[in-house]
Amino acid sequence: MKCKTVGLSLESSKVGVAGNGIIKSASISKPFISLQSNYVFLKHCWDWCLLKLMRDGMNSRILLDAAKSCILASSPVFRRQQFLIRCVGGSTDQRDMQALRSLEVDSQSIIRAITPALDPTRHKGQAGNIAVIGGCREYTGAPYFSAISALKIGADLSHVFCTTDAAPVIKSYSPELIVHPVLEESYNVGEEHKSSIASKVLAEVDKWLERFDCLVVGPGLGRDPFLLDCVSEIMRHARQSNIPIVIDGDGLFLVTNNLELVSGYALAVLTPNVNEYKRLVQKVLSSEVNDIDAPQQLLSLAKQIGGVTILRKGNSDLISDGDTVKSVSVYGSPRRCGGQGDILSGSVAVFLSWARQHILAADSNSNIRFKNPTVLGCIAGSAILRKAASLAFSNKKRSTVTGDIIECLGKSLEDISPAS
Ligand SMILES: NC(=O)C1=CN([C@@H]2O[C@H](COP(=O)(O)OP(=O)(O)OC[C@H]3O[C@@H](n4cnc5c(N)ncnc54)[C@H](OP(=O)(O)O)[C@@H]3O)[C@@H](O)[C@H]2O)[C@@H](O)CC1
Ligand SMILES: Nc1ncnc2c1ncn2[C@@H]1O[C@H](COP(=O)(O)OP(=O)(O)OP(=O)(O)O)[C@@H](O)[C@H]1O
Ligand SMILES: [Mg+2]
């Protein structure tokens, strides 16, 4: 098959044909990701973008598909892909182009707008009281990462509700966290005691529930059926009290199989990774993940679940509440160590709480155009995590681990919204 390859340097906006110096050096020195399709291969990294176009595919539709994929990869790529399209003689529908452009969001302005000032008149708790429901015999790291991230970003208090086994371990990681050993897994509970233990678990959590600005359900929760039944009840109570819920990890396993827990709840945020998203799409839309029309599919998914907000994690984070789709492509890190999604869930919880406060205060000076606090929280959480990951990677390279990224959360926020 014949093909034409064009390349674009993001630094100089130079275009060249494969085989000339520009493309050759880029493709040798940088590994690229590729998006599959019969006729388009898009390969991208932060310095370079390549479009390989089969001869029979040199039309605007194919260029547009490539461009759609491109914007998911990075916003600078998007700005320059129009230049690329002009260079290979394609044309695009103006409305489609505008729709693409509108996806990438100015996350820094949003972070500046919603981050509260450090005001000496405010008391403990006003900057956020977050609770993570997660942590079991197998997983103690995930709830810790989520809860400590909330504190490092600026929440005043961070709780963890975990199994009795996991609690001493999580407590030992940090004295900053308030750890409640209240959940139980089936292996620890006789059949005859299940109902009374479930009531006890719920009563323990209920005592605290009204104080929380946001729950994070799922990091390291595990999939024990009895434990998940108890957590379902906690979620129902939180929903009755209008407490926002960020659902991640095993919480998504629970919700995917019990959609009524979140369906129609505008204060629910789902943060699926690639596996979790696939399961959600299969269950809700009865189809497979579509990477070419990813924004449209995400929009349909959020709408279908009754306007919950979904943050689809990936090379670019895509966010939709069923009305709008936004993209955060701030440069992150090539390290994919486990736990980054946990940082994200804690970060989203804090920013969501701040965005709610900001919107309730009806600040007339606010320059935020859209007003859904869950979407704002996702945008801010995603951008801060990605910036922290980038800072950590510049220091630690291959040895970067989740703890290193958590240590960079403070600087990541400080650079955007200084404390004084
Ligand atoms: N340091 C820590 O403590 C960290 C802990 N973490 C915690 O780990 C949990 C899972 O999150 P993850 O991201 O591994 O889920 P994901 O990519 O869907 O699964 C990958 C594969 O594993 C399988 N599988 C998973 N769980 C299973 C189970 N309970 N029992 C059986 N199978 C299970 C799954 O199979 P499948 O669902 O496809 O059948 C898929 O093939 C979650 O609580 C998260 O918070 C992470 O946050 C990282 C840091
Ligand atoms: N391919 C990628 N390139 C760049 N950043 C990515 C990529 N995939 C994910 N990320 C970033 O890492 C964050 C966490 O996403 P990830 O898919 O690792 O979550 P996860 O699998 O739930 O993590 P965890 O290990 O905590 O469970 C996302 O918000 C995103 O910003
Ligand atoms: Mg995860």
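Scroll up a little and you will see the structure.
Below: a short report on this structure. Computed from a predicted model, the values in this text were never measured in an experiment. (Residues numbered from 1 in each chain as written. Chains lettered and ligands numbered in written order. Predicted model: local features only at pLDDT ≥ 70, side-chain atom pairs only at ≥ 80, totals over all residues. Heavy atoms only, no water.)

A short note on the packing of aromatic side chains
And step 1. For the structure on display, the rule yields four aromatic pairs.
And step 2. For the pair Phe 351 and Trp 354, a centre-to-centre distance of 5.4 Å together with 90 degrees between the ring planes defines the contact as edge-to-face. In this pair, Phe 351 and Trp 354 are both assigned in helix 13 (residues 340-360), three residues apart and thus about one turn of the helix distant. The two residues Phe 351 and Trp 354 agree in class, both being buried.
And step 3. Of the aromatic side chains, those joined through ring pairs into one cluster are Tyr 144, Phe 145 and Tyr 173.
And step 4. For the cation-ring pair, Arg 137 lies above Tyr 187, with the distance from its terminal atom to the ring centre recorded as 3.9 Å.
And step 5. Here the guanidinium or amino end of Arg 211 rests over the ring plane of Trp 208, the centre of that ring lying 4.5 Å away. (Phe/Tyr/Trp six-rings, centres within 6.5 Å; stacked < 30°, edge-to-face > 60°. Helix = DSSP H or I, 4+ residues; strand = E, 2+ residues; numbered from the N terminus. Buried < 20%, exposed > 50% of the residue type's maximum accessible area, 1.4 Å probe, protein only. Lys NZ or Arg CZ within 6 Å of the ring centre and 35° of its normal.)

Points about the site of ligand 1
And step 1. As a structural note, the neighbourhood of ligand 1 is formed by 16 residues, with Gly 220, Asp 250, Asn 275, Arg 279 and Asp 342 the closest of them.
And step 2. Between ligand 1 and Arg 223, the relevant distance is 3.0 Å, taken from an oxygen atom to a side-chain nitrogen or oxygen of the residue.
And step 3. A distance of 2.5 Å separates an oxygen atom of ligand 1 from a polar atom in the side chain of Asp 250.
And step 4. Calculation on ligand 1 without its partners gives an accessible area of 870 Å², and the protein chains cover 57% of this total.
And step 5. Only helix 6 (141-153) and helix 11 (274-285) provide two or more residues apiece to the shell around ligand 1.
And step 6. Residues belonging to the shell around ligand 1 are distributed by class as follows: five nonpolar, six polar and five charged. (Near = heavy atom within 4 Å. Polar contact = N/O pair within 3.5 Å; in protein donor to acceptor, adjacent residues only side chain to side chain. Areas by Shrake-Rupley, 256 points an atom, 1.4 Å probe, with all protein chains shown as cover. Nonpolar A, V, L, I, M, F, W, Y, C, P; charged D, E, K, R; others polar.)

Observations concerning the site of ligand 2
And step 1. Taken together, 14 residues form the shell around ligand 2, and within it Lys 313, Asp 317, Gly 339, Gly 341 and Arg 386 come nearest.
And step 2. Interatomic distance of 2.7 Å between a side-chain N/O atom of Lys 313 and an oxygen atom of ligand 2.
And step 3. Contact with the protein chains removes 78% of the 620 Å² of surface that ligand 2 exposes when unbound.
And step 4. When contributions to the shell around ligand 2 are tallied by element, the ones reaching two or more residues are helix 13 and helix 14 (373-396).
And step 5. The biggest single contributor to the shell around ligand 2 is helix 13, with four residues.
And step 6. The class makeup of the residues in the shell around ligand 2 is two nonpolar, seven polar and five charged.

Notes on the pattern of salt bridges
And step 1. For the coordinates displayed, the defined rule picks out 11 salt bridges.
And step 2. Taking the shortest distance from any N to any O, the salt bridge between Asp 250 and Arg 223 comes out at 3.3 Å. In this pair, Asp 250 is assigned in helix 10 (residues 250-257) and Arg 223 in the loop between strand 9 (214-217) and helix 9 (225-240), connecting sequence segments 27 residues apart.
And step 3. Overall, Asp 250 belongs to the buried group, its relative accessible area being 10%. (Salt bridge = Lys/Arg side-chain N within 4 Å of Asp/Glu carboxyl O.)

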